[in-house]
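As a plain string of letters, each chain reads:
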Amino acid sequence: LTVSIGSTLFATEPNEGSSIAVSPISLNNADNTDNFIPLMVQSQLETDFQNYSWFSVINRSSVEALSNEQQIAEIHSALVNEDTKINYAVTAAADFTVIAKIIKTGNTYTLNANIISVKENTSVGKAFSLSDISLASFRDASVVHLAAYELLKGTGHAEKKIAGLKGDVKNDKIKRGEVEANYNVAKGIIAESSKGNIIEAMAYYQKAVGSSTKITEGAERLSKITASLTMKNKVKNEIAQRKQWVKMWDDLHNYIQNNCLYIAYNPNSLRLGAINFKTETANIDLPIGI
């Protein structure tokens, strides 16, 4: 049974301890300047809900750990539909999910978000909608803080609990660090998934680690990459090992060329020698020069 009161629709009401996941967010017509927005908004909403709500937040990395590779690809897709978003929350075993959509029109954006009861697939609380949003408002997360505030207020959170979301978060060093961490994680995921540049992804994840000790996703993703490069997997043959390392050095070469002033050596001249599977080592010949 659901009862509509004014503009607010109540079904199963969230209460303290209810679990919630922020589903993947779509943005059409994204380019290299704003492709970070959906992933950053998702993780920043997670952060704001963790800091200011009584929800038990299930974060993105936890959901991915429960998902197979096909589901992960869907999560990162820019064309996620409503069914995919609900399936994401089901995978997370969440009671509620935040579903948001970003619409780009020219140089501004519209953000729509609401909270859904996963079991009943019904809206709870009040929806958030705002137009004419600038790119900067996503980059500094000010519009995300506002959305989190309104969504939490609509689900019965006391003003004193969520008031911090309306403060000058940009001048709060800890909160600013969290925003930077979420931005760098988003950029790292994009580098890792779309262009497949492992070095660039690792650089972003490292920046995330340095920005905030509370946001652990960057460290988790960095650790996952490191483990995949050093894992003792006897199934991988010598050819697969060589391809993986050659790609690493190619990525490193491209990253250095795009981001560094000097190149002390040329990764293209690297020669990978025989691999010793017993000691799990390989000979590498890398002539040094400028």
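Residues numbered from 1 in each chain as written. Predicted model: local features only at pLDDT ≥ 70, side-chain atom pairs only at ≥ 80, totals over all residues. Heavy atoms only, no water.

## Overview of the pairing of strand E7 (residues 108-117)
Within E7, eight of the 10 residues are buried, which leaves it mostly tucked inside the rest of the structure. Summarising the sheet, strand E6 (residues 96-105) and E7 pair through 10 bridges and their orientation is antiparallel. Considered in E7, the bridge of Ile-102 is made with Leu-111. Where E6 hands over to E7, the hairpin turn is made up of two residues, of which Gly-106 adopts a positive phi near 65°. Summarising the sheet, E7 and strand E8 (residues 122-133) pair through seven bridges and their orientation is antiparallel. (Buried < 20%, exposed > 50% of the residue type's maximum accessible area, 1.4 Å probe, protein only. Helix = DSSP H or I, 4+ residues; strand = E, 2+ residues; numbered from the N terminus. Pairing = 2+ DSSP bridges.)

## Re the confidence of the model for the protein
Confidence along the protein averages 82 in pLDDT terms, with 79% of residues attaining 70 or more. Below a pLDDT of 50 lies the segment residues 1-11, which in the model reaches 19 contacts outside its immediate sequence neighbourhood of four places, other chains included. (pLDDT = per-residue confidence, 0-100. Contact = heavy atoms within 4.5 Å.)

## A closer look at helix H9 (residues 198-211)
Here H9 spans 20 Å end to end across 14 residues, near enough to the 20 Å set by a 1.5 Å rise per residue. Every buried residue of H9 is listed here: Ile-198, Ile-199, Glu-200, Ala-201, Ala-203, Tyr-204, Tyr-205 and Ala-208. Of the residues flanking the start of H9, the one acting as N-cap is Asn-197, its side-chain oxygen 3.2 Å from the backbone nitrogen of Ile-199. (Expected span 1.5 Å × (residues − 1). Polar contact = N/O pair within 3.5 Å; in protein donor to acceptor, adjacent residues only side chain to side chain.)

## Brief notes about helix H6 (residues 142-154)
Taking 1.5 Å as the rise per residue, H6 with 13 residues should run 18 Å; its terminal C-alpha atoms sit 19 Å apart, in good agreement. For H6, the complete set of buried residues consists of Val-143, Val-144, His-145, Ala-147, Ala-148, Tyr-149, Leu-151, Leu-152 and Gly-154. Following H6 by one or two positions, Gly-156 has its phi on the positive side, about 95°.

## A word on the pattern of salt bridges
The final tally for this structure, using the stated rule, is seven salt bridges. For Glu-217, the salt bridge goes to Arg-221, with nearest N and O atoms at 2.9 Å. Placement of the pair is Glu-217 and Arg-221 together in helix H10 (residues 217-230), with a separation of four residues, close to one helical turn. Accessibility classification places Glu-217 together with Arg-221 in one group, the buried group. One continuous salt-bridge network, built from bridges that share partners, spans Asp-31, Asp-34 and Lys-104. (Salt bridge = Lys/Arg side-chain N within 4 Å of Asp/Glu carboxyl O.)

## Comments concerning the nonpolar core
Counting residues in hydrophobic clusters, the biggest one holds 59 residues, and the most contacted among them are Phe-49, Ile-102, Leu-111 and Phe-138. Considering each element in turn, this core owes the most residues, eight residues, to helix H8 (residues 173-195). In this structure, Ala-21, Val-63, Ala-92 and Ala-94 belong to the second largest nonpolar core, which totals six residues. (Core = buried A, V, L, I, M, F, W, Y, C linked by side-chain atoms within 4.5 Å.)

## Structural notes on the side chain of Ser-137
With respect to the helices and strands, Ser-137 occurs in helix H5 (residues 135-139). Separated by 3.1 Å, the side chains of Ser-137 and Ser-134 make a polar contact. Apart from the residues within four sequence positions on either side, Ser-137 is in contact with Ser-142 and Val-143.

## Examining the packing of aromatic side chains
All chains considered together, the criterion is met by five aromatic pairs. Aromatic pair Phe-49 and Phe-55: ring centres 5.9 Å apart, planes at 25°, arrangement stacked. The same class applies to Phe-49 and to Phe-55, which are both buried. Both rings, one in Phe-55 and one in Phe-96, keep their centres 6.3 Å apart while their planes meet at 65°; by these two values the pair is edge-to-face. Within this pair, whereas Phe-55 is found in the loop between helix H1 (37-52) and strand E5 (56-58), its partner Phe-96 is found in strand E6, the two being separated by 41 residues in sequence. (Phe/Tyr/Trp six-rings, centres within 6.5 Å; stacked < 30°, edge-to-face > 60°.)

## Quick look at the packing of H1 against H6
Helix-helix packing is characterised by the crossing angle of the two axes and by the distance between the axes. In contact at an axis separation of 9 Å, H1 and H6 are set at 50° when each is read in the N-to-C sense. It follows that H1 is oblique to H6 by the angle criterion. Crossing angle aside, the handedness with which H1 passes H6 is right-handed. Contact with H1, carried on its side by Val-41, Gln-44, Leu-45, Asp-48, Phe-49 and Tyr-52, involves Val-144, His-145, Ala-148, Leu-151 and Leu-152 of H6 and no other residues of that element. Split into classes, the residues belonging to the contact of H1 with H6 amount to eight nonpolar, two polar and one charged. (Axes fitted to C-alpha atoms, helices over the stretch in contact; angles between N-to-C directions. Parallel < 35°, antiparallel > 145°, perpendicular 65-115°, else oblique. Left-handed = near helix turned anticlockwise from the far one by under 90°. Nonpolar A, V, L, I, M, F, W, Y, C, P; charged D, E, K, R; others polar.)

## Here's the deal with the environment of Ile-275
Counting through the fold element by element, Ile-275 comes out in strand E9 (residues 271-276). The buried category is assigned to Ile-275, whose relative accessible area is 18%. The sequence separation of Ile-275 and Gln-241 amounts to 34 residues, and the corresponding C-alpha distance is 8.7 Å.

## Focus: unusual backbone geometry
Even without a glycine there, the phi angle at Asn-121 is positive, about 55°. If you trace the backbone, Asn-121 turns up in the loop between E7 and E8. We classify Asn-121 as exposed; its relative accessible area is 53%. Although it is not a glycine, Ala-141 adopts a positive phi angle of roughly 70°. The exposure class of Ala-141 is buried, given its relative accessible area of 0%.

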